[in-house]
Amino acid sequence: MAGVLARFPGVAFITGAGGTGIGAAVAKAFATSGCSRFAITDINGDSLSRTRDAIVALNPKAHVVLRTGDVSDESFVDSFMANVSSTFRRVDYAVNCAGILGNDLRSTETPVSTFDAITSVNYKGTWLASRAALAQMLKQEPLSAHPKQRGAIVNIASQLGIVARPGAAAYCASKAAIINMTRSDAIDYSRDDIRVNCVCPGVIETPMTTGSEEVTQRLKPAIDIAPMRRMGKPEEIADAVLFLCSSQASFIQGHALVVDGGYTIN
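What counts and what doesn't
Residue positions are given per chain, counted from 1 along the sequence in the order it is written. In view of the model being predicted, local features appear only for residues whose pLDDT reaches at least 70, and side-chain atom pairs are presented and counted only at 80 or more, with totals across whole chains, interfaces and linings using the full set of residues. Here the side-chain values reflect all heavy atoms present in the structure, with hydrogen atoms and water set aside. Each helix is a run of DSSP H or I of at least 4 residues and each strand a run of E of at least 2, with the numbering of both proceeding from the N terminus. Residue burial is assigned from relative accessible area. The probe radius is 1.4 Å, only protein chains are included, and a residue is buried under 20% of its type maximum, exposed over 50%, and partly exposed in between. For this analysis, residues touch if any pair of their heavy atoms sits within 4.5 Å. Pairing between two strands is assigned when DSSP locates at least 2 bridges connecting them. Here the axes come from fitting lines to C-alpha atoms, over the contacting stretch only for helices, and the angles between their N-to-C directions go from 0 to 180 degrees. By convention a nonpolar core is built from buried Ala, Val, Leu, Ile, Met, Phe, Trp, Tyr and Cys residues, the set being connected through side-chain atoms within 4.5 Å. If the strands point away from the viewer and the path from the first strand over the helix to the second runs clockwise, then the crossover is right-handed. Should an angle fall under 35 degrees it is taken as roughly parallel, and over 145 as roughly antiparallel, whereas 65 to 115 is taken as roughly perpendicular and any remaining angle as oblique. Should the near helix be turned anticlockwise from the far one by less than a right angle, the crossing is termed left-handed; should it be turned clockwise, right-handed. Amino acids outside the nonpolar list (Ala, Val, Leu, Ile, Met, Phe, Trp, Tyr, Cys, Pro) and the charged list (Asp, Glu, Lys, Arg) are all regarded as polar, and Gly is one of them. Think of it this way: a Phe, Tyr or Trp ring, Trp meaning its six-membered ring, pairs with another when their centres are within 6.5 Å, and the plane angle makes it stacked under 30 degrees, edge-to-face over 60, tilted otherwise. In this count, Lys and Arg are taken as positive residues and Asp and Glu as negative ones, while His and the chain termini are left out. Definition used for salt bridges: Asp or Glu carboxyl oxygen within 4 Å of a side-chain nitrogen of Lys or Arg.

Regarding the side chain of Gln159
Tracing the chain through its elements places Gln159 in the loop between strand E5 (151–156) and helix H5 (169–189). Owing to a relative accessible area of 4%, Gln159 belongs among the buried residues under this scheme. Not counting residues up to four positions away in its chain, the partners in contact with Gln159 are Cys200, Pro201, Gly202, Val203, Ala222, Asp260, Tyr263 and Thr264.

In structure tokens, the structure reads:
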């Protein structure tokens, strides 16, 4: 791609890539940074197709494999990764963005079905996708562009995986689980030259956080607490993700990078 420095010559695997949220921003950031091979998935097929179109608009040479599905379904994740492996023979950057918001109820008021849904997508889905990426990365050699890195995984957690807020026990727990899963995998796969880190966003301006007045009002106190007093942009999270995937982060392992406008320090 003329005029673009190919910082990421490998294959990018991104979950939750549909719509205009973090996953889509990550996909577009990879495209503008020279990545030309993509595997993207989301539960919404129409929005996933729009992300594919955006990738190709940014990099006409891009080869995009996409499949609609539920990341909490083991058979879907494994079959999609098998397809990616057959097509590209490798995965170099795996970014697990798929997630859902919680409710605004205390634990005694939260239905088990709601708890299961949050845990299944946020934690189990991230674990399944990360596990599949790890299995593929173990089979491959490093790219010449990343000689010290057989692969890099970035999981999307949350500021609420570090600090809690009222009415979010299930959500906070699911994101805290991602952080400690990331740390454990980082220990286990360091010897294999695979780096595993996570990003902990604050309140980010996405359809999930601005789609209804009820959600917007529920999140307003968190915005007011943060010293920067604004929502973050999906592109600001994508910048952090790409840094952690890059060779510039070659000595960063098991880290939870907080990108929250200062919420957790205040």
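Text resumes after the structure shown.
A short note on the sheet that holds strand E2 (residues 37–42)
An order of E3-E2-E1-E4-E5-E6-E7 is seen for the seven strands of this open sheet, with the pairing classed as parallel. The open sheet terminates on both sides in strands that have one partner only, identified here as strand E3 (63–68) and strand E7 (256–259). Adjacent strand axes in the sheet meet at a mean angle of 15° when their direction is disregarded. Here helix H1 (residues 22–32) sits on the sheet and contacts strand E1 (11–15), E2, strand E4 (93–96) and strand E6 (194–201); the angle it forms with E1, its principal contact strand, is near 170°. Sheet strands in contact with helix H4 (residues 112–137) are E1, E4, E5 and E6, and its direction is about 175° off that of E5.

Considerations on the nonpolar core
Counting 33 residues, the largest nonpolar core has Ile14, Val26, Phe30, Phe38 and Val241 as the members making the most contacts within it. Mapped by element, the contributors of at least two residues to this core are E1, H1, E2, helix H2 (45–58), E4, E5 and helix H8 (234–245). Grouped together as the second largest cluster of nonpolar side chains are 24 residues, Phe13, Ala98, Ala132 and Ile194 included.

Considerations on the pairing of E4
Residues Tyr93 and Val95 line one face of E4 and the alternating positions Ala94 and Asn96 line the opposite face, and both faces are buried. For the handedness criterion, the β-α-β arrangement of E4, H4 and E5 is classed as right-handed.

A word on the packing of H4 against H5
Between H4 and H5, the least distance of the axes is 9 Å, while the angle of their chain directions is 15°. Between H4 and H5, the angle falls in the class roughly parallel. The crossing of H4 and H5 is right-handed. Taking contact as the criterion, the partners of Phe115, Ile118, Asn122, Tyr123, Thr126, Trp127, Ser130 and Leu134 in H4 are, on H5, Ala170, Tyr171, Ser174, Lys175, Ala177, Ile178, Met181, Asp185 and Tyr189. Residue composition of the contact of H4 with H5, grouped by class: 11 nonpolar, four polar and two charged.

A look at the packing of aromatic side chains
On inspection of all chains with the given rule, the structure shows five aromatic pairs. The interplanar angle of 85° and the centroid separation of 5.1 Å between the aromatic rings of Phe8 and Phe30 together place this pair among those described as edge-to-face. Taken as a pair, Phe8 in the segment before E1 and Phe30 in helix H1 lie far apart in primary sequence, 22 residues in all. Comparing Phe8 with Phe30 shows no difference in burial state: the two are buried. Seen in terms of ring centroids, Phe13 and Phe80 are 5.7 Å apart; in terms of plane orientation they differ by 35°. Their pairing is tilted. Here Phe13 is found in strand E1, whereas its partner Phe80 is found in helix H3 (residues 74–88), with 67 residues between them in sequence. An aromatic cluster is defined as three or more aromatic residues linked by ring pairs; in this entry it consists of Phe8, Phe30 and Tyr93.

What about the side chain of Lys175?
Here Lys175 is to be found in helix H5. Look at Lys175: it is buried, it has no salt bridge, and the nearest opposite charge is Asp42 at 13 Å. Those residues within four positions of Lys175 in sequence are excluded, and the remaining contacts are Asn122, Ile156, Ala157, Ser158, Leu160 and Gly161.

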